[in-house]
Amino acid sequence: MNTAIYPGSFDPITYGHLDIIERSARFFDRLIVAVLSNPQKQPLFTAEERVDMIRDSVKHIPNIEVESFQGLLVDFARIKKARIIIKGLRAVSDFEYELQMALMNKKLDNDIETFFMMTSAKYSYLSSSVVKEVASFGGCIRDLVPSAVENRLRKKFLAKKINNGGF
Ligand code: PNS
């Protein structure tokens, strides 16, 4: 079985990620969306919440699995028998970081290749960070994330406001 892995923080998944998932899934028997669960990072959503939101957003694509992982990506890829890592590239600014990660992963496991896909132009400005910032100030994110994610973001920031005594 031809398996690829699409890793990321997905905090939260955006239409930009979904675009890469939909386009790349056509080329593989199985695409595993791998959500980094890093105890040292402080994401807005827990790994379980991020996995849930992605599962909800990819229901219409049959060959997708969504899992969280800890530790090295190449170790997780090996366990899953995936030899291809999919990464999306937006602008030149993504390139240096992505090159560094691809070369490090290659150094760690020479049998695993990174395939880069250019993002669709309409999502080239989109990132999870920008979406969170806009949502935190109550801006419209309808065209940026699936509706389940939009609802979760609204709830999350509402809860934060209440906890911080914003009402
Ligand atoms: O969405 P992101 O935050 O750009 O994703 C980064 C990710 C999860 C792909 C990267 O941090 C990663 O692979 N982390 C796992 C640890 C690892 O394998 N590091 C070595 C490669 S530099």
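Residues numbered from 1 in each chain as written. Predicted model: local features only at pLDDT ≥ 70, side-chain atom pairs only at ≥ 80, totals over all residues. Heavy atoms only, no water.

A.B. asks: Could you give an account of the sheet that holds strand 2 (residues 30–36), with specific residues and numbers?
C.D. replies: Strand order in the open sheet formed by 5 strands is 3-2-1-4-5, with parallel pairing between adjacent strands. Looking at which strands have only one partner, the edges of the open sheet turn out to be strand 3 (64–69) and strand 5 (113–118). Between one strand and the next, the sheet's axes are offset by a mean angle of 30 degrees, whatever the strand orientation. As defined by bridge partners, strand 1 (residues 3–8) adjoins strand 2 across 6 bridges and the pair is classed as parallel. Across the sheet, the residue bridging to Ala4 is Leu31, located in strand 2. Contacting strand 1, strand 2, strand 3, strand 4 (84–89) and strand 5, helix 1 (residues 15–25) crosses the sheet at an angle of about 115 degrees to strand 5. (Pairing = 2+ DSSP bridges. Helix = DSSP H or I, 4+ residues; strand = E, 2+ residues; numbered from the N terminus. Axes fitted to C-alpha atoms, helices over the stretch in contact; angles between N-to-C directions. Contact = heavy atoms within 4.5 Å.)

A.B. asks: Please set out the pattern of salt bridges residue by residue, giving values where relevant.
C.D. replies: Inspection of the entire model under this criterion finds 12 salt bridges. Note that Lys59 is salt-bridged to Asp56, the shortest N-O span being 3.2 Å. Salt bridges sharing common partners tie together Asp75, Arg78 and Asp109. (Salt bridge = Lys/Arg side-chain N within 4 Å of Asp/Glu carboxyl O.)

A.B. asks: Lay out the site of the ligand with the relevant residues and their values.
C.D. replies: In the vicinity of the ligand, the residues found are Pro7, Gly8, Ser9, Leu36, Lys41, Phe69, Gly71, Leu72, Leu73, Lys87, Met101 and Asn105. Ser9 places a side-chain nitrogen or oxygen 2.5 Å from an oxygen atom of the ligand. Note that an oxygen atom of the ligand is positioned 2.8 Å from one of the backbone N or O atoms of Leu73. Summarising the interface, the protein chains cover 75% of the accessible area of the ligand, which totals 550 Å² for the free molecule. Placement of the ligand is best described as lying within the largest pocket. Breaking the shell around the ligand down by element, the ones donating at least two residues are strand 1 and helix 4 (92–108). Per-class residue counts for the shell around the ligand are 6 nonpolar, 4 polar and 2 charged. (Near = heavy atom within 4 Å. Polar contact = N/O pair within 3.5 Å; in protein donor to acceptor, adjacent residues only side chain to side chain. Areas by Shrake-Rupley, 256 points an atom, 1.4 Å probe, with all protein chains shown as cover. 1 Å grid on protein atoms, 1.4 Å probe; cavity = no way out; pocket = protein on both sides within 12 Å on 5 of 7 lines; lining within 4 Å. Sits in = over half its atoms within 2 Å of the grid points. Nonpolar A, V, L, I, M, F, W, Y, C, P; charged D, E, K, R; others polar.)

A.B. asks: Account for helix 4, naming residues and giving values.
C.D. replies: In this model helix 4 runs 25 Å from its N-terminal to its C-terminal C-alpha over 17 residues, within 8% of the 24 Å that 1.5 Å per residue would give. At Glu98, helix 4 shows its maximal bend, which comes to roughly 25 degrees. Turning to helix 4, its buried residues are Asp94, Glu98, Ala102 and Asn105. Turning to helix 4, the residues buried within the fold contact helix 3 (73–79), strand 4 and strand 5. (Expected span 1.5 Å × (residues − 1). Bend = angle between axes of the 7 residues up to and from the residue. Buried < 20%, exposed > 50% of the residue type's maximum accessible area, 1.4 Å probe, protein only.)

A.B. asks: Break down the pairing of strand 2 for me, with residues and values.
C.D. replies: In terms of residue burial, strand 2 counts as a mostly covered element, since 6 of its 7 residues are buried. Between strand 1 and its parallel partner strand 2, the chain crosses via helix 1, and the hand of that crossover is right-handed. Taken together, the 6 bridges between strand 2 and strand 3 define a ladder with parallel strand orientation. Across the sheet, the residue bridging to Ala34 is Glu67, located in strand 3. Between strand 2 and its parallel partner strand 3, the chain crosses via helix 2 (residues 47–57), and the hand of that crossover is right-handed. (Right-handed = clockwise from strand over helix to strand, strands pointing away.)

A.B. asks: How would you sum up the packing of aromatic side chains? Please name residues and give values.
C.D. replies: Scanning the model with the defined rule gives 3 aromatic pairs in all. A ring pair is formed by Tyr15 and Tyr123, whose centres lie 6.4 Å apart and whose planes are at 35 degrees; its orientation type is tilted. Linking Tyr15 in helix 1 with Tyr123 in the loop between strand 5 and helix 5 (128–136), this pair joins segments that are 108 residues apart in sequence. A residue is classified by how much of its surface remains accessible, and Tyr123, at 14% relative accessible area, is buried. (Phe/Tyr/Trp six-rings, centres within 6.5 Å; stacked < 30°, edge-to-face > 60°.)

A.B. asks: Please give an account of the packing of helix 5 against helix 6 (residues 147–163) that cites residues and values.
C.D. replies: Direction vectors running N to C along helix 5 and helix 6 enclose 55 degrees, while the axes themselves pass 10 Å from each other. One element, helix 5, and the other, helix 6, form an angle in the oblique class. Crossing of helix 5 against helix 6: the hand is right-handed. Counting all contacts with helix 5, which are made through Val131, Lys132, Ala135 and Ser136, the residues of helix 6 involved are Leu153, Arg154 and Phe157. Residues of the contact of helix 5 with helix 6, tallied by class, amount to 4 nonpolar, 1 polar and 2 charged. (Parallel < 35°, antiparallel > 145°, perpendicular 65-115°, else oblique. Left-handed = near helix turned anticlockwise from the far one by under 90°.)

Scope: geometric values only; no functional claims are made or implied.
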